[in-house]
Amino acid sequence: MTTVAQKAAKPATMAQALGRALRDAMAEDPTVHVMGEDVGTLGGVFRITDGLTKEFGEDRCTDTPLAEAGILGTAVGMAMYGLRPVVEMQFDAFAYPAFEQLISHVARMRNRTRGAMPLPITVRVPYGGGIGGVEHHSDSSEAYYIATPGLHVVTPATVEDAYGLLRASIASDDPVVFLEPKRLYWSKAEWSPDAPAAVEPIGRAVVRRTGRSATLITYGPSLPVCMEAAEAARTEGWDLEVVDLRSLVPFDDETVCASVRRTGRAVVVHESGGFGGPGGEIAARITERCFHHLEAPVLRVAGFDIPYPPPMLERHHLPGVDRILDAVARLQWEAEN
Amino acid sequence: MTTVAQKAAKPATMAQALGRALRDAMAEDPTVHVMGEDVGTLGGVFRITDGLTKEFGEDRCTDTPLAEAGILGTAVGMAMYGLRPVVEMQFDAFAYPAFEQLISHVARMRNRTRGAMPLPITVRVPYGGGIGGVEHHSDSSEAYYIATPGLHVVTPATVEDAYGLLRASIASDDPVVFLEPKRLYWSKAEWSPDAPAAVEPIGRAVVRRTGRSATLITYGPSLPVCMEAAEAARTEGWDLEVVDLRSLVPFDDETVCASVRRTGRAVVVHESGGFGGPGGEIAARITERCFHHLEAPVLRVAGFDIPYPPPMLERHHLPGVDRILDAVARLQWEAEN
Amino acid sequence: MTVQELPGASYRPSPPPAWKPRTDPEPLLPDREPYRVLGTGAAARFDGALAVRLHAELVRGRRYNAQATALTKQGRLAVYPSSTGQEACEVAAAVALQDQDWLFPSYRDTLAAVARGVDPVQALTLLRGDWHSGYDPREHRVAPLSTPLATQLPHAVGLAHAARLKGDDVVALAMVGDGGTSEGDFHEALNFAAVWKAPVVFLVQNNGFAISVPLAKQTAAPSLAHKAVGYGMPGRLVDGNDVLAVHEVLTDAVRRARAGGGPTLVEAVTYRIDAHTNADDATRYRGDTEVAAWREHDPIALLEHELTGRGLLDEGAVRAAKDAAEEMAAGLRERMNADPVLDPMELFAHVYAEPTPQLREQRAMLRAELDAEAGA
Amino acid sequence: MTVQELPGASYRPSPPPAWKPRTDPEPLLPDREPYRVLGTGAAARFDGALAVRLHAELVRGRRYNAQATALTKQGRLAVYPSSTGQEACEVAAAVALQDQDWLFPSYRDTLAAVARGVDPVQALTLLRGDWHSGYDPREHRVAPLSTPLATQLPHAVGLAHAARLKGDDVVALAMVGDGGTSEGDFHEALNFAAVWKAPVVFLVQNNGFAISVPLAKQTAAPSLAHKAVGYGMPGRLVDGNDVLAVHEVLTDAVRRARAGGGPTLVEAVTYRIDAHTNADDATRYRGDTEVAAWREHDPIALLEHELTGRGLLDEGAVRAAKDAAEEMAAGLRERMNADPVLDPMELFAHVYAEPTPQLREQRAMLRAELDAEAGA
Ligand SMILES: Cc1ncc(C[n+]2csc(CCOP(=O)(O)OP(=O)(O)O)c2C)c(N)n1
Ligand SMILES: Cc1ncc(C[n+]2csc(CCOP(=O)(O)OP(=O)(O)O)c2C)c(N)n1
Ligand SMILES: [Mg+2]
Ligand SMILES: [Mg+2]
């Protein structure tokens, strides 16, 4: 855990904060290696790795052949030899060829060897929609990752967390699937790259907005939408609390349940498809733990159970402010069902 | 949908019923092709496809090269040309190399082509533990499949359903992931291979045991355990209803909710890991729909959130009768949480 | 247990019993240099009418690339991966096939689809944010453009195999880039094709780059065509900017596949003149001199020089080709200027043959939202 | 836009500009027949002491296979994939490596792990239902046995690459079966290795079958070693039952890798004498005559004949090897007869460095259950 004194902040994008996190991690720890398609000379298709090859050389930031299983599989071998590979998957859907390596090895090597061979690998996956991407460029694949024991699953929603969580993920001795909400890459915040705040360990949710009427539970790309919804809800007379999970595995039951016990109502919001998505798990565990505090069932606002739609229709698919408010309205519901 | 008059039944195993379903489907429909590793000469490592090559020739039941993505990928092409491939994945964990084909193509081709190009592919996956299998031979991977829109996910728990659901899956114009509970392969029932019962469409759950105290909701390998638990519960004074889902996608909300509304209490039971597993989805949707009928939160009894354990420890991992009864006991709980 | 206990064991200074040379690798290996026709004299043997037709197609293809690129600037296309400089491959792939054959394009190959007859607007829906496949694959026997690299190759193998099993005379031609050859699916597809002797032709357009990654970081092989021998199929190396050479090599391979000879791997050496897509900045990873050298080796110029020299192409024919291309471009421009109307309710229509109960609920929710919106 | 508008375009009847022959494929191609030493006269050049050591290892390996198979019958092992008949490959793979090198075995290669020094009981935990890897991979630099086929190959490449980046003198030798070569991971691993010039040796044991599937349904290649040229690495074909030949070829490849020459693909032609595992019924897919022919080409018999002929092995040495093997077998049998004691609480210990809150809850639940059980 690194703590650095705060210095003067200026606007920075999430993309810049991620790039800076990689740079700082590489500068501090010579075992950190960045690898993936186009991460070197080009600096990545989102330019997150821009400048790393120049600063650290091709051996530390490497353009690999175009083969995701090969990228993750060789990263496993590198980690077995003591390196800390940070792998970039170019887009969410292009991580699928690497699933077998991820599930059968990355997630299991420590367990298989009874702790003798941990794999400190960070797999960076730009995920989610809302950028008008063509097919296969907008998937929310977190359901697959959270159902795979042995992986941590982390996703930032703010510029500051982008830095802090990526540093923490790289520092972790366990494999981390680091989901980058690509439509927030260009979101900005006051943040000083020269004095990033303390790096917290992963696994802690945070209350982004306090409120008394109900809790919106969300993460990654849906946080700004929930914040907006909470703002809009004021005119309807609802005072909404917003929890940003930041880490799906481990899951911060404590923060989430404390909030829901306070408000008595909750809506889980994510882009990922509803059926079999993270929202079911979250709603179920809240209900298990807070049943007698609940005034209404925990509701979910999620993407539809359809393949990611054509960009011209994506606004209908993505959870928006209205759909969230509709769900909040249904929290008052007391019917015969 | 095929209906055949019932004839005299005699004991048959689930493995035999599955083999018979393949045989009958191939005999009725010349476009049905079986393919996979060792499915031909050997008849499959579980002997499900035994005799098919002999009866229908190598072109109809084909030993493929050892490459799961290639198997499923070529099946896609075959389906594009009008065949109905039935693909065997040798074990659950060996389906992972085929994930990209499954997620990015099998599940999406119909949608991508606006209905012009459906893919009637059945992917048979022996799944689950309890057979003392070495690592990678006991995974419950249903969480991955149910989170993938475009796939049907079906799993039989009885000999009769093994036949009926497999026939229905092969007959479906949509891709079906057909999960075969491998530890039930040798389970027996009175069943006549010459007169299988009507083939129902997929998507219907069934109440296997009626009861008034609480509902156990389960599928596949956990059904017999739940039936046993329900029997044992009688001595504790609980009269448990048991619902066998049979199909996870589509999900039969109607049957499930009708039962839970009747009993007011429910426990979801599956082998798959709890976190991010199907149980969360099921518990969440029951709660959304039946909140005011619930006397207690819907609880889950699932595998631990760990990589599948060594066989010598698997009994501790798998949901057993005691753990189910413990959960039922907690349904009475009314505490301050 | 020592050997004595293994019955029958004895000394045998001969090759292992089951082993025999499986095939002669020699004929599977590609030429040492890319095969060329233009400027070699071999072109004299060529069918003049075909050459003139190919010329017109190249001109049209070049124009199509330019128009599609222009549409990105006007915001009518979200993104366009241009095949400028690669038109010889795109066109030859389409022309080498017969009507009943199938084409499996990659995401860069909209031109090949168009050259095979797909409506240019339909070929581009994916790239303007409209539905993923704008055309019915069965209409022109063109599979949907495949975005996940190399994943379309096993599809081609499966389709060709299925057709052969049915006794149909169908060949599949699958296109992939140099970068795509590194994917596991490339390997598995070629292997299945060779084992099944499926009537497939694999066309690798080696355009030197996978986005920013040059071939030298992609492979250390003598050539990509050399991969063929490892599957037991012939590999052919061809100058991808020489349309007569590409056409000849592909036609041979298609004929061989049709005759039951099995698959062929063709590597066409070419170059991507434009950036990866309009969103890409190629100056980050390659120099002007390299691009300039390739502009000197332009597929249209090579063909025009040859045809003009042989008196097969006059000013009029060039003009006619150009006019036809302009007409296509004008039509494309005009039709792409119309705003497509997509029905949000269609989101639920094609996920399954019948929407699940869950999708019916979601459909009703969206319907209600849209009605409320419309009412408001 | 016709060609006139593409600046600089002109006729150029030469190979495409960026293209040059990348490497000479010739030296990458394997011999036309499997390389042999025994019985060829070349054995005379061999280090007699090494040959005698290899003999002892083969005898021990054969005994190990027999003992492990026996343990399945006694219920002490759940399953055993025997390498009987393949001992020359298993042993040579271990012996060709230096101490600091790494071995990446597949699920069939417990013998190679044992020959490298792994405790035979620890090598077998996976197969008796005990923990997945019974040994610490770092102790003998042997990766866990890999069950998902070919997935260990990229690991070997990554490890060798990492060692080279660190400046360490480490070679990785990765083992895979003929069936495993069809997997995408095989392709991707070999390609990465060649592009990175990683110090790796890939040893394919072509034992004729992948469970029931014969090589002819797995590949149409002239040989599996021919795949090497497609990656730009040398392919070597060797008689996998001739331990001196396998040892020589692997040692050469290891030496080449160590010297910075990059990876090599070695295909060893051998045969699986036993069924796939004790659970398999090999009579379903192969005939006795084929097995009998291979028994005639037994690795131990081949070596013993050569060594005895050269006066390098006498009755005493054979007896000593046999005694040592018996001793190993007795120890294995005895230690495998003890019931392993596994702590159920360990289920939660190694999933992460620290159990998550969720795992702590689950651990507490199991603890309570076990306490209740113990109390009851
Ligand atoms: C499986 C997969 N991984 C990554 C990508 C992202 N991507 C799109 S195009 C491209 C480069 C392709 O290079 P090449 O195969 O040479 O084709 P070219 O673009 O040159 O036509 C990459 C990496 C993808 N589409 N699919
Ligand atoms: C990815 C994967 N698919 C399928 C299997 C199941 N399986 C275990 S061994 C085997 C055959 C392996 O054949 P080969 O590679 O030739 O090795 P051999 O058994 O002959 O040593 C198969 C299909 C597996 N272990 N991994
Ligand atoms: Mg390219
Ligand atoms: Mg084999």
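Residues numbered from 1 in each chain as written. Chains lettered and ligands numbered in written order. Predicted model: local features only at pLDDT ≥ 70, side-chain atom pairs only at ≥ 80, totals over all residues. Heavy atoms only, no water.

## Thoughts on helix α12 (residues 315-337) of chain C
Because each turn of an α-helix spans 3.6 residues, side chains separated by three or four positions end up pointing in the same direction. All names here are of chain C. With 23 residues, α12 should cover 33 Å at 1.5 Å per step; its first-to-last C-alpha distance of 32 Å lies within 8% of that length. For α12, the full list of buried residues reads V318, A321, A325, M328, A329, L332 and M336. Where α12 is buried, its residues meet α1 (48-73), α4 (120-123), α5 (125-128) and α11 (299-309). (Helix = DSSP H or I, 4+ residues; strand = E, 2+ residues; numbered from the N terminus. Expected span 1.5 Å × (residues − 1). Buried < 20%, exposed > 50% of the residue type's maximum accessible area, 1.4 Å probe, protein only. Contact = heavy atoms within 4.5 Å.)

## A word on the nonpolar core
Of all hydrophobic cores here, the largest spans 280 residues; its most connected members are C:F202 and D:F202. If near-sequence neighbours (up to four positions away) are discounted, D:F202 is found in contact with D:L153, D:V157, D:A174, D:A189, D:L190, D:A193, D:M233, D:P263, D:T264, D:L265 and D:V266. (Core = buried A, V, L, I, M, F, W, Y, C linked by side-chain atoms within 4.5 Å.)

## Some words on unusual backbone geometry
All names here are of chain A. Look at the link from V249 to P250: it is a cis peptide, with omega at -5°. Summarising the element assignment, P250 is placed in the loop between β12 (247-249) and α9 (253-263). Positive phi is not limited to glycine here, since D38 has a value of about 70°. Mapped onto the secondary structure, D38 falls in the loop between β2 (32-36) and α2 (52-56). In this structure, R114 takes a positive phi of about 50° despite not being glycine. Tracing the backbone through its elements, the reader meets R114 in the loop between α5 (109-112) and β5 (122-127).

## A closer look at the environment of C:G232
Within the element layout of this structure, C:G232 appears in the loop between β5 (213-214) and β6 (235-239). Residue class for C:G232 comes out partly exposed when judged on its relative accessible area of 23%. Spatially, the C-alpha atoms of C:G232 and C:K197 are 10.0 Å apart, while their sequence positions differ by 35 residues. Apart from the residues lying within four places of it in its own chain, the contact partners of C:G232 are C:L28, D:A220, D:A221 and D:P222.

## Quick look at the environment of A:A162
Residues and elements named next belong to chain A. Structurally, A162 is set in helix α7 (residues 159-171). Sequence-wise, A162 and L299 are 137 residues apart; in three dimensions their C-alpha atoms are separated by 28 Å. Other than its neighbours up to four places away in sequence, A162 contacts M14, A17, L18, P156 and F178.

## Comments concerning the site of ligand 2
The immediate surroundings of ligand 2 are formed by 21 residues, with B:E68, D:Y107, D:R108, D:D178 and D:N207 found nearest. Lying at an intersection of chains, ligand 2 is approached by residues of chains A, B and D. At 2.5 Å from a nitrogen atom of ligand 2 is found a side-chain nitrogen or oxygen belonging to B:E68. A distance of 2.4 Å is found between an oxygen atom of ligand 2 and a side-chain nitrogen or oxygen belonging to D:Y107. In isolation ligand 2 has 580 Å² of accessible area, and contact with the protein removes 96% of it. (Near = heavy atom within 4 Å. Polar contact = N/O pair within 3.5 Å; in protein donor to acceptor, adjacent residues only side chain to side chain. Areas by Shrake-Rupley, 256 points an atom, 1.4 Å probe, with all protein chains shown as cover.)

## Focus on the pattern of salt bridges
With the rule as written, the count across this model stands at 98 salt bridges over all chains. A salt bridge links D:R284 to B:D50; its shortest N-O distance comes to 3.0 Å. With one member in each of two chains, D:R284 in the loop between β7 (264-269) and α10 (288-295) and B:D50 in the loop between β2 (32-36) and α2 (52-56) form a pair that bridges those chains. Taking the shortest distance from any N to any O, the salt bridge between B:R246 and B:D161 comes out at 3.0 Å. Residue B:R246 is found in the loop between β11 (240-244) and β12 (247-249), and its partner B:D161 is found in helix α7 (residues 159-171); the two are separated by 85 residues along the sequence. Sharing partners across several salt bridges, the network here consists of A:D253, A:E281, A:R285, A:E288, A:R289, B:R300 and D:E361. (Salt bridge = Lys/Arg side-chain N within 4 Å of Asp/Glu carboxyl O.)

## Points about the coordination of the magnesium ion (ligand 3)
Residues and elements named next belong to chain C. Looking at the magnesium ion (ligand 3), one finds its protein donor set to be D178 (OD), N207 (OD1) and F209 (O), positioned 1.9 to 2.1 Å from the metal centre. Linear spacing of the donor residues for the magnesium ion (ligand 3) on their chain is D-x28-N-x1-F. With D178 in the loop between β2 (172-177) and α8 (184-196) and N207 in the loop between β3 (200-206) and β4 (209-210), this residue pair connects regions lying 29 residues apart in the sequence. Assessed through its relative accessible area of 2%, D178 is described here as buried. With a relative accessible area of 4%, N207 lands in the buried category. (Donors = N, O, S within 2.8 Å, 3.2 Å for Na, K, Ca; no water.)

## Some remarks on the confidence of the model for chain A
Residue-level pLDDT values for chain A average 94, and 94% of them are 70 or greater. Segment residues 1-6 of chain A is flagged for pLDDT under 50; beyond a separation of four residues in sequence, or across chains, it makes 14 contacts in the model. (pLDDT = per-residue confidence, 0-100.)

## Examining the sheet that holds strand β14 (residues 299-303) of chain A
All names here are of chain A. The five strands lie next to each other as β9-β11-β10-β13-β14, forming an open sheet whose pairing is mixed. Since the sheet does not close on itself, it has two edges, and those belong to β9 (206-209) and β14, each with one partner. If you compare each strand with its neighbour and ignore which way they point, the axes differ by 25° on average. Of the strand pairs in this sheet, strand β10 (residues 214-218) and strand β13 (residues 266-273) are connected by three bridges, and their pairing is parallel. Among the inter-strand pairings, T215 is bridged to a residue of β13, identified as A266. Together, β9, β10, β11 (240-244) and β13 form the strand contacts of helix α8 (residues 223-233), whose direction differs from that of β11 by roughly 170°. Along the sheet, helix α10 (residues 278-290) contacts β10, β13 and β14; its crossing angle with β13, the most-contacted strand, is approximately 160°. (Pairing = 2+ DSSP bridges. Axes fitted to C-alpha atoms, helices over the stretch in contact; angles between N-to-C directions.)

## Re the packing of α1(C) against helix α9 (residues 243-258) of chain C
Residues and elements named next belong to chain C. The geometry of α1 relative to α9 is characterised by a closest axis approach of 11 Å and an angle of 110° between their N-to-C directions. As far as their axial angle goes, α9 and α1 are roughly perpendicular. Crossing hand, α1 versus α9: right-handed. Here L50, A51, L54 and L58 of α1 lie close against α9, whose contacting residues are V243, L244 and H247. The residue inventory of the contact of α1 with α9, partitioned by class, reads six nonpolar, one polar and no charged. (Parallel < 35°, antiparallel > 145°, perpendicular 65-115°, else oblique. Left-handed = near helix turned anticlockwise from the far one by under 90°. Nonpolar A, V, L, I, M, F, W, Y, C, P; charged D, E, K, R; others polar.)

## A look at the environment of C:L97
Among the structural elements, C:L97 can be located in the loop between α2 (87-95) and β1 (102-104). Those residues within four positions of C:L97 in sequence are excluded, and the remaining contacts are C:W102, C:L103, C:R116, C:L173 and C:V254.

## A closer look at the coordination of the magnesium ion (ligand 4)
All names here are of chain D. Taken together, the protein ligands of the magnesium ion (ligand 4) are D178 (OD), N207 (OD1) and F209 (O), with distances of 1.9 to 2.1 Å. Spacing between the donor residues of the magnesium ion (ligand 4) along their common chain follows D-x28-N-x1-F. Classification of F209 by relative accessible area gives buried; the value is 8%.

## Remarks on the sheet that holds strand β7 (residues 264-269) of chain C
All names here are of chain C. Here five strands make up an open sheet; going across it, the order is β1-β2-β3-β7-β6 and the pairing parallel. Of all the strands in the sheet, just β1 and β6 have a single pairing partner and so form its edges. Each adjacent strand pair in this sheet contributes to an overall mean axis angle of 20°, direction not counted. As defined by bridge partners, β3 adjoins β7 across six bridges and the pair is classed as parallel. Its bridge partner lying in β7, N206 is registered against V269.

## Brief notes about the packing of helix α7 (residues 152-165) of chain D against helix α8 (residues 184-196) of chain D
A pair of packed helices is captured by two measures, namely the crossing angle of their axes and the spacing between those axes. Residue and element names in this part refer to chain D. Axis separation between α7 and α8 bottoms out at 8 Å; the angle between their running directions is 15°. Our classification of the angle between α7 and α8 gives roughly parallel. For α7 against α8, the interelement crossing comes out left-handed. Between α7, through L153, P154, V157, H161 and R164, and α8, the contact on the second element is made entirely by D185, F186, A189, F192, A193 and W196.

## Some words on the interface of chain D and chain B
Chain D puts 40 residues into the contact, and the matching count from chain B is 35 residues. Summed over both partners, the interface of chain D with chain B buries about 3200 Å², with 64% contributed by carbon and sulfur atoms. Taken together, the connections running from chain D to chain B amount to four salt bridges. For D:K217, the salt bridge identified is with B:E58, shortest N-O distance 3.6 Å. (Buried area = accessible area lost by both parts, 1.4 Å probe.)

## Re the confidence of the model for chain C
Averaged over chain C, the pLDDT score is 94; the fraction of residues at 70 or greater is 96%. When the criterion is pLDDT under 50, residues 1-12 of chain C qualifies, and its contacts beyond four places in sequence or with other chains add up to 37 contacts.

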